[in-house]
Amino acid sequence: MKSSMCRSSRGGRRSAAAVALSAVLALTATACGDDGSGAAGDKGAEGSGKGEIVFWDNNGGVRTDIWKEIIADFEKANPDIDVEYVGIAATEYQSKVDTALQGGGLPDVGGVGAAMLAGFAAQNALEPLDDRLGKSSINGKLNEDMVKSLKAAGGRDDTLYSIPTSANNGVLYYRTDLFEQAGLDDPTTWDKFYEAADKLTDKGKNKFGYTIRGGAGSIAQALDAMYGQSGITSFWDSGNEKTTVNDPKNVAALEKYVGLFKKVTPPADLNNDFTKMVAQWDSGTIGMLNHNLGSYQDHVKAFGTDRFRGIPQPVGPGGKRVQVSNPVDGLGVFKSSKNKDAAWKFIEFATSKTENSKFNESAGQVPSNNDAAKDAWISKAEPTKLAAEALTDGSTTIVQLPYYLPDWNTISKTDNEPAFQKVMNGSMSAEDFLNALADQLNEAQTEWNEQKG
């Protein structure tokens, strides 16, 4: 008999406190049944395609409600399969998977975005999905560019280890009412962005022009601002061996960007991750915020749809917009699963037109299912519509980040987020920071090229 902490999510939503408690318990008890567990290196099994599977959500809390709805739909359509939901905060997900890889207890299926894909694949933790997709009802229905992105991110012979669910582009959100009151133009260029950040700041009244991300997730946002301003369009030089992150143009761009801290931003930004940053902006006294499509619905709840806009990043030199690639999110089957057949059925269902549209409407992101991307809600969600157009109308050049490097997530997060805080508080120069980052990236790229060679 299953213990109470292994109950299916069937039967409606639980309270937020109960969901949080079950998530904590499930992290220590995902192996309480025969399905969905196993030590690293376990080849798992196809299973019966029935029974219980464990699903780890890589953005728990933020996406818990919508995944609960999709799971309920899935269980209704597949009454012989129960899904145990475990919500894990985005900032903790990689470490949870890495711990389970060493000690066992991996789920059957889980969120596997591009940024962490190479590291998991390098540890042989994920099931190749090319053959399953080829025989699936979703074959030919998925956005080809998203599929290619995840194949490239896997880093192994163009193998597909994750099925895309969405693209989550970077967005500049700004308060249209505050801009109008100040007589400011829309921040469509970097010059207008900096002008607005300065003019909207009144520290005495606790009003700030911008909120900068200094806590978890800071590096990707800083890279976006750097390349957007410098106009450099490749992460590697022409020889594909040395990174451009410490190019003098990028150094100057980062110096200018970090110079915003405490001058036109709240001091608390030094430690703000995305949840704190978004909540701070939604409090109503800050002019601009860089985040992604995922926070759109939070802003709608705070301001309605007529007091803010979300637009693609400002254009830089020569009227060219340059953005770094935002990782495509997806779902993967863990190789140790004892019920891979049921796990695949869940992925197939979640990325079908109806469910993929439902998920992305809630998240405010670009659907991976091409039929879902045609649904009417996209034209009503302006940031999503503009982001999709920017990717297809030729106005934007994307600098592809090296998600394929197994060490990418460690370098960009664990190693350098604390260093970026030193740049913000003035104890390290932007040049020293970027030179150190470049050395790590160049070493990782050299190792990668040697292994491929």
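A few points on the structure. (Residues numbered from 1 in each chain as written. Predicted model: local features only at pLDDT ≥ 70, side-chain atom pairs only at ≥ 80, totals over all residues. Heavy atoms only, no water.)

Here we look at the packing of helix H2 (residues 64–77) against helix H14 (residues 353–363)
Formally: Under this scheme, a helix contributes an axis fitted over its contacting stretch, all axes are lines through C-alpha atoms, and angles between N-to-C directions fall in the 0 to 180 degree range. The way it works is that DSSP assigns letters per residue, a run of H or I at least four long becomes a helix, a run of E at least two long becomes a strand, and they are numbered from the N terminus. Roughly parallel means an angle under 35 degrees; roughly antiparallel means over 145; roughly perpendicular covers 65 to 115; every other angle is labelled oblique. If you view the pair so one helix is near and one far, a crossing is left-handed when the near helix is turned anticlockwise from the far one by less than a right angle, and right-handed when it is turned clockwise. We call two residues in contact whenever any of their non-hydrogen atoms come within 4.5 Å of each other. Basically, the charged four are Asp, Glu, Lys and Arg, the nonpolar ten are Ala, Val, Leu, Ile, Met, Phe, Trp, Tyr, Cys and Pro, and anything else, Gly included, counts as polar.
Taken N-terminus to C-terminus, the directions of H2 and H14 make an angle of 165 degrees; their axes are 10 Å apart at the nearest point. Between H2 and H14, the crossing angle belongs to the class labelled roughly antiparallel. As H2 packs across H14, the resulting crossing turns out to be right-handed. Only Glu355, Lys358, Phe359 and Ser362 of H14 make contact with H2, whose side of the interface consists of Ile66, Trp67, Glu69, Ile70 and Asp73. Class assignment for the residues of the contact of H2 with H14 results in four nonpolar, one polar and four charged.

Quick look at the pairing of strand S9 (residues 321–324)
The condition that has to hold: Only protein chains enter the accessibility calculation, which uses a 1.4 Å probe; a residue is then buried when its area is under 20% of its type maximum, exposed when over 50%, and partly exposed in between. A pair of strands is considered paired only if DSSP assigns at least 2 bridges between the two.
Residues of S9 alternate between two faces, with Arg321 and Gln323 on one and Val322 and Val324 on the opposite face, all of them buried. As paired strands, S9 and strand S12 (residues 396–399) are joined by four bridges and run parallel to one another. Opposite Arg321, over in S12, you have Thr396 as the bridge partner.

Some points on unusual backbone geometry
Negative phi is the rule for most residues except glycine; trans is the rule for most peptide bonds. Despite not being glycine, Asn124 shows a phi value in the positive range, around 60 degrees. Within the secondary structure, Asn124 sits in the loop between helix H4 (114–122) and helix H5 (130–134). We classify Asn124 as partly exposed; its relative accessible area is 37%. Of note in this structure, Asn206 is not a glycine but carries a positive phi near 60 degrees. Structurally, Asn206 is set in the loop between helix H8 (190–199) and strand S6 (208–211).

Thoughts on helix H9 (residues 218–230)
For the record, the criterion: One less than the number of residues in a helix, times 1.5 Å, gives the span that helix is expected to have.
Between its first and last C-alpha, H9 extends 18 Å over 13 residues, near the 18 Å set by a 1.5 Å rise per residue. Three or more residues of H9 are buried, namely Ser218, Ile219, Gln221, Ala222, Leu223, Asp224, Ala225, Met226, Tyr227, Gly228, Gln229 and Ser230. Backbone geometry just after H9 places Gly231 at a positive phi near 80 degrees.

Examining a negative patch on the surface
Short version of the rule: Here, patches come from residues exposed beyond 30% relative accessible area and free of salt bridges, joined within 9 Å for like charges and within 5 Å for nonpolar side chains (Val, Leu, Ile, Met, Phe, Trp, Tyr). Using the Shrake-Rupley algorithm and a 1.4 Å probe, accessible areas are obtained, with residue cover drawn only from the displayed protein chains. Throughout this description, the term salt bridge denotes a Lys or Arg side-chain nitrogen within 4 Å of a carboxyl oxygen of Asp or Glu. We treat Lys and Arg as the positive residues and Asp and Glu as the negative residues; His and chain ends play no part in the count. Think of each charge as sitting on NZ of Lys, CZ of Arg, CG of Asp or CD of Glu.
On the surface, Asp407, Asp415, Asp439, Glu443, Glu447 and Glu450 cluster together to form a negatively charged patch. Considering each element in turn, the negative patch owes the most residues, four residues, to helix H19 (residues 430–452). In this fold, Glu443 is placed in helix H19.

Digging into the packing of helix H17 (residues 408–415) against H19
Across the interface, H17 lies against H19 with an axial gap of 10 Å and an inter-helix angle of 165 degrees. The orientation of H17 relative to H19 falls into the category roughly antiparallel. Pair H17 / H19 crosses with right-handed handedness. Contacts between H17 and H19 involve Trp408, Ile411 and Asp415 from the former and Leu437, Gln440, Leu441 and Ala444 from the latter. Class assignment of the residues belonging to the contact of H17 with H19 gives a composition of five nonpolar, one polar and one charged.

Points about the sheet that holds strand S10 (residues 329–333)
Within the open sheet, the six strands sit side by side as S2-S1-S3-S10-S4-S11. Their pairing is mixed. Unpaired on one side and paired on the other, strand S2 (81–87) and strand S11 (366–367) mark the two borders of the sheet. The pairing of strand S3 (residues 109–111) with S10 spans three bridges and is classified as antiparallel. Residue Gly111 lies in a different strand from S10, and its bridge partner there is Leu331. Contacting strand S1 (51–57), S2, S3, strand S4 (163–167) and S10, helix H13 (residues 340–350) runs over the sheet at an angle of about 160 degrees to S10.

Points about the packing of aromatic side chains
To keep it simple, the criterion reads: Here a pair means two rings of Phe, Tyr or Trp (six-membered ring of Trp) with centres within 6.5 Å. Their orientation is stacked below 30 degrees between planes, edge-to-face above 60, and tilted elsewhere. When the NZ atom of lysine or the CZ atom of arginine is within 6 Å of a ring's centre and also within 35 degrees of its normal, the charge is said to sit over that ring.
All chains considered together, the criterion is met by 25 aromatic pairs. Ring geometry for Trp190 and Phe193: centres 5.2 Å apart, planes at 75 degrees, overall edge-to-face. In this pair, Trp190 and Phe193 both sit in helix H8, three residues apart, roughly one turn of the helix. You'll find Trp190 and Phe193 in the same group, each marked buried. On the numbers, 5.9 Å between centres and 55 degrees between planes, the contact of Phe420 with Phe433 is tilted. Linking Phe420 in helix H18 (residues 417–425) with Phe433 in helix H19, this pair joins segments that are 13 residues apart in sequence. Residue Phe420 shares its accessibility class with Phe433, and that shared class is buried. Through a chain of ring-to-ring contacts, the aromatic side chains of Phe55, Trp67, Phe74, Tyr85, Phe346, Phe349 and Phe359 assemble into a single cluster. Directly above the aromatic system of Tyr194 lies the positively charged group of Lys256, at a separation of 4.4 Å from the ring centroid.

Brief notes about the sheet that holds strand S8 (residues 309–311)
In sheet architecture, strand pairing relies on hydrogen bonds along the backbone and comes in two forms, parallel and antiparallel. Taken in spatial order, the four strands make up an open sheet running S6-S7-S5-S8, and their pairing is mixed. A single partner strand is all that each edge strand has here, and the edge strands are S6 and S8. Between one strand axis and the next, the sheet turns through 20 degrees on average, direction left out of account. With five bridges joining them, strand S5 (residues 170–174) and strand S7 (residues 286–292) adopt antiparallel strand pairing. Looking across to S7, one finds that Val171 is bridged to His291.

Some words on the pattern of salt bridges
With the rule as written, the count across this model stands at 16 salt bridges. Of the charged contacts, one joins Lys192 and Asp185 as a salt bridge, the two residues approaching to 4.0 Å between their closest N and O atoms. Its salt-bridge partner being Arg309, residue Asp186 comes within 3.7 Å of it at the nearest N-O pair. Residue Asp186 is found in the loop between helix H7 (176–182) and H8, and its partner Arg309 is found in strand S8; the two are separated by 123 residues along the sequence. Relative accessible area serves as the criterion here: at 34%, Asp186 is assigned to the partly exposed category. Members of the salt-bridge network, linked through shared partners, are Glu46, Glu127, Arg132 and Lys340.

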